[in-house]
Each structure stands twice: as C-alpha cells, then as structure tokens.
Amino acid sequence: MIGAILYTILPVAGGGILHMLVVRANLLPFLTVPLDGGRKIGGARIFGDHKTWRGILVILAATMASAGVHAWVESLQPSWAEWNLVDYEATSWWHAGLWWGIAYALSELPNSFLKRRAGIAPGSGGPRGARGVFLALMDQADSAIGCSLVAWLALGVALDAALWMMVLGTAVHLFINLLLGLAGLRERMI
C-alpha cells in the first residue's frame, strides 16, 4: 500500500514543488498580495504576508497540471493506473487536481492563523522545545491532512489508505522541503 500511496500523491508533491519554484523565481509578483489584506484580529495579522493570492492560484494551477501529467503518463503506461488510488476514469484528473489544490492551499491557513495568534512571525522557525517541534510538525502535516481528507471524502480513497496518506504525505512534505533546502530553493528546511 505504501507504493500506491506514494504514487497517488505525486500530483500534490508536484504542485508543491512547482509552487516553490515560482516563489523562489519571484514569478507573478503582482499576485503576492496577502490573503488577509493586512487586516488584523486582536492586534495580530490574520495569516501574515506569506499567505498570498499567488500561493493559492499557483498551488491550484500547479497541482492540476501535475495531476494532468500524472494522467498523461498513465495513458502511456496503463498498468501504472493500478497503483493510483484515485481512479481517473471515475474522477477526472482535473477534478482530482482541483480538489487537491484547494485542500493543499486552504489546509495551510489554520496553522498560519494560530501561529499569528501565538506571535510567531511568518517564515520564522518559531519557538524551541516541545512547542516548536509541534509547530514544525504541523507545518509539514497541515497540507497532508487536508489532501488526505479530500482524497477520502471526494476522490474515492478508502479511509485506511487516507489515514496512511496523512502519515506518508507528512513525511514526503518534510523530505521535499529538506531537498529544496539543500538545493537552495528554500530558506528553512523545516
């Protein structure tokens, strides 16, 4: 099942990597408008400067594009579709990519909201100790949790596979961030 889950989440990983490349190259700078428009709740920003319209739109487009490539590869190698827990015949690739893109983008917002309430600046490593470890883990897990829930609720993935998808998705997110950090495409590896 691990191989099938890793294969199934390739479009989500691809969307995240493409998003990071857009951010590092500062493409589409006119969309780097914060989602919260600078508004505050209780004296603290709602999400902060790092949650932008560019992020939402690029994650949506990049995840859909990655799902399209995934489906295209499966059309060339039909036996690979057996590994995919999302059936592109029952749920079209663009539908899966759209759902995953929405889940990826929106599931990162609660974590940002809570960190702003805790006084943690966007992009900072946060506090040290157990609280810092928890927040770092949530930074890696939030999109995996959201995408796994969507896979279960909207894309036909079985509950047990979706639960494993949360765990493996978090590990993949951490691994990709480490690789992007080593490649100089991400400032903080975690």
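Let me begin by describing the structure that accompanies this report.

### A word on the overall build of the chain
Moving on, step 1. Within the chain, the secondary structure is distributed over 7 helices and 2 strands.
Moving on, step 2. In the chain, the succession of α and β elements from N to C terminus is α-α-β-β-α-α-α-α-α.
Moving on, step 3. Against the 2.2 N^0.38 benchmark of 16 Å for 190 residues, the chain shows a C-alpha radius of gyration of 17 Å, consistent with a compact globule.
Moving on, step 4. For the chain, the spread of C-alpha atoms along the principal axes amounts to about 55 × 40 × 30 Å.
Moving on, step 5. Residues counted as buried form 45% of the 190 residues belonging to the chain.
Moving on, step 6. Accessible area of the chain: about 10000 Å², with a carbon and sulfur share of 70%.
Moving on, step 7. Charge centroids of the chain, computed over 13 positive and 11 negative side chains, lie 19 Å from each other.

### Focus on the pattern of salt bridges
Moving on, step 1. Under the criterion given, the structure shown has 3 salt bridges.
Moving on, step 2. One salt bridge connects Arg45 with Asp36, and the closest N-O pair in it is separated by 2.7 Å. Per residue, the accessibility class of Arg45 equals that of Asp36, and both read buried.
Moving on, step 3. Among the charged side chains, a network of salt bridges with common partners joins Asp36, Arg45 and Asp49.

### As for the nonpolar core
Moving on, step 1. Residues Val86, Tyr88, Trp100, Cys147, Leu155, Val157 and Met165 are the most contacted members of the largest nonpolar core, which totals 28 residues.
Moving on, step 2. Only helix 3 (53–76), helix 4 (93–107), helix 6 (129–154) and helix 7 (159–182) provide two or more residues apiece to this core.
Moving on, step 3. Those residues in contact with Tyr88, other than ones at most four positions away along the chain, are Pro11, Ala67, His70, Ala71, Glu74, Trp93 and Ala96.

### Notes on the packing of helix 2 (residues 10–24) against helix 3
Moving on, step 1. Close contact between helix 2 and helix 3 brings their axes to 7 Å; oriented N to C, the two are set at 135°. By the angle between their directions, the pair helix 2 and helix 3 is classed as oblique. Crossing angle aside, the handedness with which helix 2 passes helix 3 is right-handed. On helix 3, the residues touching Leu10, Pro11, Val12, Gly14, Gly15, Gly16, Leu18, His19, Val22 and Val23 of helix 2 are Arg54, Gly55, Val58, Ile59, Ala62, Thr63, Ser66, Ala67 and His70.
Moving on, step 2. A per-class count over the contact of helix 2 with helix 3 returns 10 nonpolar, 8 polar and 1 charged.

### Considerations on the environment of Asp49
Moving on, step 1. Among the structural elements, Asp49 can be located in the loop between strand 2 (44–45) and helix 3.
Moving on, step 2. The sequence separation of Asp49 and Ser143 amounts to 94 residues, and the corresponding C-alpha distance is 19 Å.
Moving on, step 3. Non-local contacts of Asp49, meaning those with residues more than four positions away in its chain, are made with Pro34 and Pro122.
Moving on, step 4. Polar side-chain contacts of Asp49 include one of 2.9 Å to the side chain of Arg45.

### What about a nonpolar patch on the surface?
Moving on, step 1. There is a patch of nonpolar side chains on the surface, built from Leu149, Trp152, Leu153, Leu159 and Leu163 and spanning about 480 Å² of accessible area.
Moving on, step 2. Along the polypeptide, Leu149 turns up in helix 6.

### Brief notes about the environment of Trp83
Moving on, step 1. Inspection of the secondary structure puts Trp83 in the loop between helix 3 and helix 4.
Moving on, step 2. For Trp83, a relative accessible area of 46% corresponds to the partly exposed category.
Moving on, step 3. Sequence-wise, Trp83 and Ile2 are 81 residues apart; in three dimensions their C-alpha atoms are separated by 9.9 Å.
Moving on, step 4. Those residues in contact with Trp83, other than ones at most four positions away along the chain, are Gly3, Ala4, Tyr7 and Thr8.

Thresholds, definitions, all that
Residues numbered from 1 in each chain as written. Predicted model: local features only at pLDDT ≥ 70, side-chain atom pairs only at ≥ 80, totals over all residues. Heavy atoms only, no water. Helix = DSSP H or I, 4+ residues; strand = E, 2+ residues; numbered from the N terminus. Rg over C-alpha atoms; globule rule 2.2 N^0.38 Å. Buried < 20%, exposed > 50% of the residue type's maximum accessible area, 1.4 Å probe, protein only. Areas by Shrake-Rupley, 256 points an atom, 1.4 Å probe, with all protein chains shown as cover. Lys, Arg positive; Asp, Glu negative; His and termini not counted. Charge placed at Lys NZ, Arg CZ, Asp CG, Glu CD. Salt bridge = Lys/Arg side-chain N within 4 Å of Asp/Glu carboxyl O. Core = buried A, V, L, I, M, F, W, Y, C linked by side-chain atoms within 4.5 Å. Contact = heavy atoms within 4.5 Å. Axes fitted to C-alpha atoms, helices over the stretch in contact; angles between N-to-C directions. Parallel < 35°, antiparallel > 145°, perpendicular 65-115°, else oblique. Left-handed = near helix turned anticlockwise from the far one by under 90°. Nonpolar A, V, L, I, M, F, W, Y, C, P; charged D, E, K, R; others polar. Polar contact = N/O pair within 3.5 Å; in protein donor to acceptor, adjacent residues only side chain to side chain. Patch = residues over 30% accessible without salt bridge, like charges linked within 9 Å, V, L, I, M, F, W, Y side chains within 5 Å.

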